[in-house]
Amino acid sequence: MMRRLKDLAPSPLAGEGWGEGGKAMLHPHSMGNANNTPGGMIRKTTLPTLLLIGSLLSACTVGPDYVRPEPQMPEQWRTTTSETLADTDLLWWQGFNDPVLNQLITDAVSSNKDIQLARARVDQYLGALQTTRSAYFPQIGAGADASRTRSTEASASPFPSSVANPSGMYAAQFNLAWEIDLFGRTRRATEAAQAQVQATEEERRAVMLSVVAGIASSYIALRASDAKLAIAQATLKNYADTLHIFELRFKGGVISQLQLAQVQSQYQLAQAAIPGIEQQIAVQENLLSTLLGRNPGEIPRGKPLDKLAMPPIPAGLPASLLQRRPDILSAEAQLVAANAQVGVARSLYFPSLSLTGALGTASNPLSSLFSGQAQAWNMAAGLTAPLTTFGQIEGQVQSAEAVYEQAKIRYLQSAQTALREVNDALTGIDKTRQTLSAQQKRVLALQESAYFARLRFDNGLTSYLEVLNSEDDLFSAQLTAVDAQSAGFGEMINAYKAMGGGWVDKVDPVKDSVKNTNSSSAGS
């Protein structure tokens, strides 16, 4: 964005569209003769002369030039892997190999309200930039006046017959106002506004990154809840079959009330788990609907959780975060803006030069308005400089420098936060894999344990309490294994999010229009 916005920097010789400026008043008594040499010379060369003067006088820019602080970046991550790493600029969510998830993300990028809000903020700051940079150029306006007056003839003094009564006054003029940017105050203000545009653009990219990661995370959570619901329903059916058998046995006097109560408790355990899981499903569907820019509703499903592929681990060195993470780039743009505002504050110590001028015609009879004798012009220049402000300017400079220091700290802090998030995610990938492997082995062991416990019960070698404990442990372990699998997907999503959004431009529906907006702003 910074490279694209360089075209918006002011140039003293650029052909610009100027907005309306203040008027320099014309008065009939200040009319000059357009036919004499001084009047004609100034009238013909006023605007080019002022442009040349302004260009020559605005070469100096006070305030510090921006120098990027250098965060201390390690050479590698704390957690390393021997696996094949993926390019972080790829559309990483496609690695899950689920067309439904791909479509949900496509829909969210174009319809999410947070993305649309961030896009509008970029437009807001582009407008503010255009307003700020316009102060570098002359403000030219035009005006026309017409009046008709009749004076009384019933007075003590006779009204001269040679004077027309009623009489008219007509005037038309172009007027110019220009504050010469002697010491770069406007340049620094434009530099700050330009950096603010970049900051909001990077914030927009950060929102896109968060929304895409949020869609993927919520979809994984939804499919995990679907998997747990399927396990709970299958377990409930199994427990219901067992309960039916035990009720028949109890009626036949084969088992006791205690054994029947144990089976009833087991059945209720599975039944009680289902409403909570169904609530989780509804919550995730509502969240996904909001991320998609829709009202709460059902979300289509693709592949089940255990059929989703795991994307490869993202590649990238720590130093690359400085150019990839939108939050770091936004923090740096804010630092550039704060640095430029220091120059704006320091420029208040120096004089300011203002030029005004007007060129037009004024005449009593309308028929003579555009005659040579009706032409009039004036020019004026004003120089002001502070002598003593009793600390007002010093206070503004001190405040601007303090804001710069805060922005610098936030920039360095954002780099440290990025390092932490990437290391956390890479560590999470490694550890959740270990957890999932252990949980899956535990499920297999409990399945075998439940099988032999029921076999022993059927052969009269143990009580049903042993079966109940084994099956309850299996049910709990199956749900925990789903959570571990979901957590592994989630850590992979976190890793791609923490690495930054080099892929954003590939899915950004407005990247071309943003560039066009910048280009049109540069040439307006």
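Residues numbered from 1 in each chain as written. Predicted model: local features only at pLDDT ≥ 70, side-chain atom pairs only at ≥ 80, totals over all residues. Heavy atoms only, no water.

Draft legend 1. Layout of unusual backbone geometry. In this structure, Asn 97 is a non-glycine residue whose phi angle is positive, near 60°. Looking at the element boundaries, Asn 97 is found in the loop between helix H2 (37-57) and helix H3 (99-111). (Helix = DSSP H or I, 4+ residues; strand = E, 2+ residues; numbered from the N terminus.)

Draft legend 2. Quick peek at the sheet that holds strand S1 (residues 139-149). Ordered in space as S1-S2-S3-S4, the four strands form an open sheet in which the pairing is antiparallel. Edge strands, defined here as strands with exactly one partner in the open sheet, are S1 and strand S4 (375-384). Pairwise comparison of adjacent strand axes, ignoring direction, gives a mean angle of 15° for this sheet. Pairing of S1 with strand S2 (residues 167-180), which is carried by eleven bridges, proceeds in the antiparallel orientation. When the bridges of S2 are listed, Asp 145 appears paired with Ala 171. (Pairing = 2+ DSSP bridges. Axes fitted to C-alpha atoms, helices over the stretch in contact; angles between N-to-C directions.)

Draft legend 3. View of the packing of aromatic side chains. Inspection of every chain in the model, using the stated rule, returns ten aromatic pairs. Measuring from centroid to centroid gives 5.5 Å for Trp 92 and Trp 93, while their planes differ by 85°, and the two rings are edge-to-face. By relative accessible area, Trp 93 is classed as buried at 3%. Among the aromatic residues, ring-to-ring pairing joins Trp 92, Trp 93, Tyr 496 and Trp 503 into one connected group. The side chain of Arg 249 reaches across the aromatic face of Phe 246, ending 5.6 Å from its centre. (Phe/Tyr/Trp six-rings, centres within 6.5 Å; stacked < 30°, edge-to-face > 60°. Buried < 20%, exposed > 50% of the residue type's maximum accessible area, 1.4 Å probe, protein only. Lys NZ or Arg CZ within 6 Å of the ring centre and 35° of its normal.)

Draft legend 4. Spotlight on the packing of helix H9 (residues 392-458) against helix H10 (residues 464-499). The interhelical angle for the contact between H9 and H10, taken along N-to-C directions, is 160°, at an axis separation of 7 Å. Relative to H10, the element H9 is oriented roughly antiparallel. Once H9 is placed against H10, the crossing between them reads as left-handed. By residue class, the composition of the contact of H9 with H10 is 20 nonpolar, twelve polar and ten charged. (Parallel < 35°, antiparallel > 145°, perpendicular 65-115°, else oblique. Left-handed = near helix turned anticlockwise from the far one by under 90°. Nonpolar A, V, L, I, M, F, W, Y, C, P; charged D, E, K, R; others polar.)

Draft legend 5. Spatial organisation of the side chain of Gln 139. Following the sequence through the fold, Gln 139 ends up in strand S1. Within polar-contact distance, the side chain of Gln 139 engages the backbone oxygen of Phe 137 at 2.9 Å. (Polar contact = N/O pair within 3.5 Å; in protein donor to acceptor, adjacent residues only side chain to side chain.)

Draft legend 6. Quick peek at the pattern of salt bridges. For the structure on display, the rule yields 22 salt bridges. Here Arg 188 and Glu 191 are joined by a salt bridge, their closest N and O atoms 2.8 Å apart. Residue Arg 188 and its partner Glu 191 are located together in helix H5 (residues 185-251), separated by three residues, close to a single helical turn. Here Glu 202 and Arg 205 are joined by a salt bridge, their closest N and O atoms 3.4 Å apart. With Glu 202 and Arg 205 both in helix H5, this residue pair falls three residues apart, about one helical turn. You can call Glu 202 buried: its relative accessible area is 5%. When salt bridges with common partners are traced through the structure, they connect Arg 223, Asp 226, Glu 285 and Arg 301 into a single cluster. (Salt bridge = Lys/Arg side-chain N within 4 Å of Asp/Glu carboxyl O.)

Draft legend 7. Summary view of the packing of helix H6 (residues 257-291) against H10. Interaxial distance between H6 and H10 falls to 10 Å at its minimum, and their mutual angle equals 10°. Taken together, H6 and H10 sit at an angle that is classed as roughly parallel. Contact residues: H6 offers Gln 262, Val 263, Gln 266, Leu 269, Ala 270 and Ala 273, while H10 offers Tyr 464, Leu 465, Val 467, Leu 468, Glu 471, Asp 472 and Phe 475. (Contact = heavy atoms within 4.5 Å.)

Draft legend 8. Summary view of the environment of Gln 398. Here Gln 398 shows up in helix H9. When its relative accessible area of 57% is taken as the criterion, Gln 398 is described as exposed. Residues Gln 398 and Val 342, 56 residues apart in the sequence, show an inter-C-alpha distance of 8.5 Å.

Draft legend 9. Representation of H3 within the structure. Compared with an ideal rise of 1.5 Å per residue, which puts 13 residues at 18 Å, H3 spans 18 Å between its outermost C-alpha atoms and is within 8% of the ideal. Inspection of H3 places Leu 101, Leu 104, Ile 105, Asp 107, Ala 108 and Val 109 among the buried residues, and these make up the whole buried set. On its buried side, H3 packs onto helix H4 (113-133), H5, H6 and helix H11 (504-507). (Expected span 1.5 Å × (residues − 1).)

Draft legend 10. Structural detail: H10. The terminal C-alpha atoms of H10, which comprises 36 residues, lie 53 Å apart, in line with the 52 Å expected from a rise of 1.5 Å per residue. In the stretch just after H10, Gly 500 is the one whose phi turns positive, near 110°.

Draft legend 11. Focus on a nonpolar patch on the surface. Residues Tyr 451, Phe 452 and Leu 455 make up a contiguous nonpolar surface patch of roughly 310 Å² in combined accessible area. Tracing the backbone through its elements, the reader meets Leu 455 in helix H9. Leu 455 sits in the partly exposed class, given a relative accessible area of 37%. (Patch = residues over 30% accessible without salt bridge, like charges linked within 9 Å, V, L, I, M, F, W, Y side chains within 5 Å. Areas by Shrake-Rupley, 256 points an atom, 1.4 Å probe, with all protein chains shown as cover.)

Draft legend 12. A look at the nonpolar core. Core analysis: the biggest nonpolar cluster contains 83 residues, and Trp 92, Trp 93, Phe 96, Ile 215, Leu 321 and Trp 503 have the highest contact counts within it. Secondary structure elements with two or more residues in this core: H3, H5, H6, helix H7 (321-324), helix H8 (326-346), H9, H10 and H11. The dominant element in this core, judged by the number of residues it contributes, is H5, at 18 residues. (Core = buried A, V, L, I, M, F, W, Y, C linked by side-chain atoms within 4.5 Å.)

Draft legend 13. Broad picture of the pairing of strand S3 (residues 352-363). Counting buried positions along S3 gives nine out of twelve residues, so the element sits mostly inside the fold. Inspection of the sheet shows S2 paired to S3 by eleven bridges, in the antiparallel sense. In the strand pairing of S3, Glu 179 is matched with Ser 354. When S3 meets S4, the two strands line up antiparallel, connected through ten bridges. Each residue of the ladder has a partner; that of Ser 354, found in S4, is Gly 382.

Draft legend 14. Structural detail: the environment of Ala 498. Among the structural elements, Ala 498 can be located in helix H10. Judged by relative accessible area, which is 4%, Ala 498 ranks as buried. Sequence separation between Ala 498 and Arg 324 is 174 residues; the distance between their C-alpha atoms is 9.6 Å. When residues no more than four places from it in sequence are discounted, the contact partners of Ala 498 are Leu 321, Arg 325, Glu 421 and Val 422.

Draft legend 15. Seen up close, the environment of Ala 345. In this structure, Ala 345 sits in helix H8. The spacing of Ala 345 and Gln 396 is 51 residues in sequence and 6.0 Å in space, taken between C-alpha atoms.

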